[in-house]
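Chain by chain, the residues run as shown.
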Amino acid sequence: MKEQEIKQLIICCINEYLELNETKIDINENTALIGSNAIVNSMGLVNIIVDVESSLLDSDIEISLTSEKAMSRVVSPFRSISSLVNFINEEINEESK
Amino acid sequence: MNWLLKRFEAYSGKTFICSESDHKTYGDLLKQVQDYKDTLVDHAVQRNSVVAIVGDYCFETIALFFALAEHKCIVVPITSTADNEVKYRLEEGKVDHIITLRPTEVAFAQSSRSNESSNNKYVLKLTQENKSGLILFSSGSSGKPKAMIHDLETLINSFEDRKGKNLNFLVFLMFDHIGGLNTLLNSLAMGVAITIPKERDPEHVCFLIEKYKVNVLPASPTFLNLLLLSQAHTKFDLSSLKLITYGTEPMPETVLLKVKEALPFVKLLQTFGTSETGIAKISSKSSTSNLIRFDDPDYEFKIVNQELWLRSKTQISGYLNASNQNFTEDGWFMTGDIVEEYEDGYLRIIGRNSDLINVGGLKVLPSEVESILIQIPLIADCMVFSESNPITGQIVVAQIVTKSEISSKELKKEIHRFCKNRLDQYKIPAKIKIVDEANYSNRYKKIRRWD
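Just so we're clear, the structure is a prediction, and the values are computed from it rather than from any experiment.

(A) A look at the overall build of chain B. Along chain B, the regular secondary structure elements total 13 helices and 27 strands. At 23 Å, chain B has a C-alpha radius of gyration in line with the 22 Å of a compact globule built from 451 residues. Taking the principal axes of the C-alpha coordinates as reference, chain B spans close to 70 × 50 × 45 Å. Counting all 451 residues of chain B, 57% fall into the buried class. Counting only contacts in chain B whose residues sit at least 6 apart along the sequence, the fraction spanning at least 24 positions is 65%. A total accessible area of about 19400 Å² is found for chain B, and carbon and sulfur atoms account for 47% of it. Measuring between centres, the 54 positive side-chain charges of chain B sit 3 Å from its 56 negative side-chain charges.

Listed below in structure tokens is the structure:
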């Protein structure tokens, strides 16, 4: 899966979640999922993570976004959409090694 | 328990068991109890010894149960068929003799530890008082099954006030379960006919109700929901049914209403009890309400931090293989059941302490979420439980049986749409798994975990 596709998949999951909760926010690759600028609360984050994981699974990619590795990173994968794209990309490359 | 044998005599011409292979009267039962008492002596079964009956309900096991009670033994009913489960119960119960049911006869065996008599203080106390006892095991859903010891005499005597009736009861709950024994003792004290199912699936149960004109069906909410899903009630004539009692787990109001709609001529009553305290006399507010009220002079109850505490005349002396940490020093049993209080002393059982889900410090009751999910038209059945999650500690997950095909992604959207105005955000399942059937035990009780 290409970086661009991963990004699209994440944005799609976030948009669907926001839509369900009747929130309208324009998102881009700098949009934060945690921290003071986060667009969602912790329940939103949990839901988006589960949705991204299951969407990846639909493409036969099995990655845990709440693994020890993801949670203990100095810069959290959830800091921004682009950092989440990077994390998933790294994990996919690691898998295929 | 002399009174009970006298009743068997008084009811001697009445039907006791009807099944495809058997028709026995109360007279047959009384004779069999007397015969088994002699058999126990022939097999050198000492008074006050601990004796396991391995097998489920049938004429022989029931007669043996009362012969052993008469012989002042401590009875350990075991219905498991898995060798290791049976072995565990024989060991933990410190059983002296094992009686195994073979078709139409019973086989006696001494346990390997038969010369070393039990030195447990509760067993010794029953021996000193020359009383019979009963050992039941907890389900073990939270750890190893606990062996608990009842004073069987007191338990049996608590049924003495029952009046004679002409009815037919289906014995749904099992022989080694307090609810099952409650049905049995209740039936025998009233001299009613009992129907014993070979299988406990909805189709077979409905077949038996039609064939033997069963009037009373004790069941679990999970079983009743499966009955509705299978539509078995539409294939058989259930018009003989007068009463369905339900218990062992919380009843979602939506399921209760559906049962009433499907079987409008049936009265629905909740039962409540624990293996530790016995079954209490309670009354349901109505057939369509899951509110209950304790009406039992032998029971005291109080609510501490939303948990139901009970103290009863029929409660256990203690555990053989566990500490009495669920009991306070002054004898209150902390049931682990979470309840809500309503006007006029009514209560609603809403779940188990151990099933509570902790989402970022906020408590979620699986039954509350399930009662909402089951209202979604495309959901046939569901089960809610927790999964650990590093962000919120735990998250709410749901196993769903759907009525028609749908992707889990679409289903999750549907669920969130439906729940948004009905549940707080943290209670809405974050993870959904579509399954063919919900995970329930062979006792038709929900098992809240992924398998």
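This is not the end of the story, as more comes after the structure.
(B) Quick look at the side chain of T314 of chain B. All names here are of chain B. Looking at where T314 falls in the secondary structure, it is placed in the loop between β19 (307–312) and β20 (318–319). Only 2.7 Å separates the side chain of T314 from the backbone oxygen of T277, close enough to count as a polar contact. T314 has contacts with H150, T154, L155, S158, E276, T277, G278 and Y299, leaving out every residue within four places of it along the chain.

(C) Inspection of the interface of chain A and chain B at higher detail. Across the boundary between the two partners, chain A contributes 18 residues, which contact 17 residues of chain B. Between chain A and chain B the total buried area reaches about 1600 Å² when both faces are included, carbon and sulfur atoms providing 63% of it. Counting the surface chain A buries against chain B, the share from its top three residues, L20, M43 and V46 of chain A, is 36%. On inspection of chain A and its partner chain B, the count reaches three salt bridges. Connecting chain A to chain B are eight residue pairs in polar contact (both at pLDDT 80 or more). Looking at the side of chain A that touches chain B, the elements that each hand over two or more residues are α1 (3–20) and α2 (42–58) of chain A. With ten residues, the top contributor of residues to the side of chain A that touches chain B is α2 of chain A. Residues belonging to the side of chain A that touches chain B are distributed by class as follows: eight nonpolar, seven polar and three charged.

(D) Structural view of the layout of surface pockets. There is about 680 Å³ of room inside the second largest pocket. Lining the second largest pocket are 32 residues; nearest its centre among them are V50, D51, E53 and S54 of chain A together with K431 of chain B. Counting residues per element, the ones that place at least two in the lining of the second largest pocket are α1 and α2 of chain A together with β25 (379–389), α13 (408–419) and β27 (431–434) of chain B. It is α2 of chain A that contributes the most residues to the lining of the second largest pocket, nine residues altogether. Of the residues assigned to the lining of the second largest pocket, the class counts are eleven nonpolar, ten polar and eleven charged.

(E) Structural context of the packing of α1 of chain A against α2 of chain A. Residues and elements named next belong to chain A. The N-to-C vectors of α1 and α2 enclose an angle of 135°; their axes lie 9 Å apart at closest approach. In terms of orientation, α1 lies oblique with respect to α2. The handedness of the crossing between α1 and α2 comes out as right-handed. For the pair α1 and α2, the contacting residues are L9, I10, C13, I14 and Y17 in the first and M43, G44, N47, I48, D51, V52, S55 and L56 in the second. Residues that form the contact of α1 with α2 fall into these classes: nine nonpolar, three polar and one charged.

(F) Spotlight on empty space enclosed by the protein. Residue and element names in this part refer to chain B. One pass over the structure, following the stated rule, counts two cavities of 30 Å³ or more. Empty space within the largest cavity amounts to approximately 140 Å³. For the lining of the largest cavity, the secondary structure elements donating two or more residues are α9 (221–230), α12 (366–373) and β25. A total of three residues in the lining of the largest cavity trace back to one element, the largest contributor, which is α9. Looking at side-chain class alone, the lining of the largest cavity contains six nonpolar, three polar and five charged residues. Its boundaries defined by the atoms lining it, the second largest cavity holds a volume of some 30 Å³. Together, P250, I350, G351, R352, D355, L365, P366, S367 and R448 line the second largest cavity. Secondary structure elements with two or more residues in the lining of the second largest cavity: β22 (347–352) and α12. Looking at which element gives the most residues to the lining of the second largest cavity, the answer is β22, with three residues.

(G) View of the domain arrangement of chain B. Assigned domains of chain B: these are domain 1 (2–157) and domain 2 (356–434). Each of domain 1 of chain B and domain 2 of chain B has a C-alpha centre, and these two points are 44 Å apart.

(H) Representation of α2 of chain A within the structure. Residue and element names in this part refer to chain A. Between its terminal C-alpha atoms α2 stretches 24 Å, which fits the 24 Å expected from 17 residues at 1.5 Å a residue. Burial of α2 is extensive: 13 of the 17 residues sit out of reach of the surface. One or two residues past the end of α2 sits D60, with phi positive at roughly 60°.

(I) Inspection of the packing of aromatic side chains at higher detail. Residues and elements named next belong to chain B. Applying the stated rule across the entire model yields 18 aromatic pairs over all chains. When the centroid spacing of 6.3 Å and the interplanar angle of 75° are considered together, the rings of F207 and F236 count as edge-to-face. Remark: F236 occurs in the loop between α10 (232–235) and β12 (243–246) and F207 occurs in helix α8 (residues 202–212); sequence separation between them is 29 residues. The partly exposed category is assigned to F207, whose relative accessible area is 29%. Ring centres of F327 and F333 lie 5.0 Å apart, and the angle between their planes is 40°; this geometry places the pair in the tilted category.

(J) Structural context of the pairing of strand β4 (residues 74–78) of chain B. All names here are of chain B. Along β4, five of the five residues are buried, which leaves the element largely enclosed by surrounding structure. Covered by surrounding structure in β4 are I74, V76 and I78 together with V75 and P77, the residues of both alternating faces. In this region the chain leaves strand β3 (residues 50–54), passes through helix α3 (residues 59–70) and returns to the parallel neighbour β4; the handedness of that crossover is right-handed. Pairing of β4 with strand β7 (residues 133–137) involves two bridges; the strand directions are parallel. Bridge pairing in β7 links V75 to L134.

(K) Region of the structure containing the sheet that holds strand β6 (residues 105–110) of chain B. Residue and element names in this part refer to chain B. Pairing is mixed across the open sheet formed by seven strands, whose spatial order is β6-β5-β3-β4-β7-β8-β20. Only two strands of the sheet have a single neighbouring strand rather than two, namely β6 and β20. Sitting on the sheet, α3 is in contact with β3, β4, β5 (97–102), β6 and β7, with an inclination near 170° to β3.

Cut-offs and rules
Residues numbered from 1 in each chain as written. Chains lettered and ligands numbered in written order. Predicted model: local features only at pLDDT ≥ 70, side-chain atom pairs only at ≥ 80, totals over all residues. Heavy atoms only, no water. Helix = DSSP H or I, 4+ residues; strand = E, 2+ residues; numbered from the N terminus. Rg over C-alpha atoms; globule rule 2.2 N^0.38 Å. Buried < 20%, exposed > 50% of the residue type's maximum accessible area, 1.4 Å probe, protein only. Contact = heavy atoms within 4.5 Å. Areas by Shrake-Rupley, 256 points an atom, 1.4 Å probe, with all protein chains shown as cover. Lys, Arg positive; Asp, Glu negative; His and termini not counted. Charge placed at Lys NZ, Arg CZ, Asp CG, Glu CD. Polar contact = N/O pair within 3.5 Å; in protein donor to acceptor, adjacent residues only side chain to side chain. Buried area = accessible area lost by both parts, 1.4 Å probe. Salt bridge = Lys/Arg side-chain N within 4 Å of Asp/Glu carboxyl O. Nonpolar A, V, L, I, M, F, W, Y, C, P; charged D, E, K, R; others polar. 1 Å grid on protein atoms, 1.4 Å probe; cavity = no way out; pocket = protein on both sides within 12 Å on 5 of 7 lines; lining within 4 Å. Points joined across faces, edges and corners; volume = space filled by probe spheres on them. Axes fitted to C-alpha atoms, helices over the stretch in contact; angles between N-to-C directions. Parallel < 35°, antiparallel > 145°, perpendicular 65-115°, else oblique. Left-handed = near helix turned anticlockwise from the far one by under 90°. Domains from an automatic or database assignment. Expected span 1.5 Å × (residues − 1). Phe/Tyr/Trp six-rings, centres within 6.5 Å; stacked < 30°, edge-to-face > 60°. Right-handed = clockwise from strand over helix to strand, strands pointing away. Pairing = 2+ DSSP bridges.

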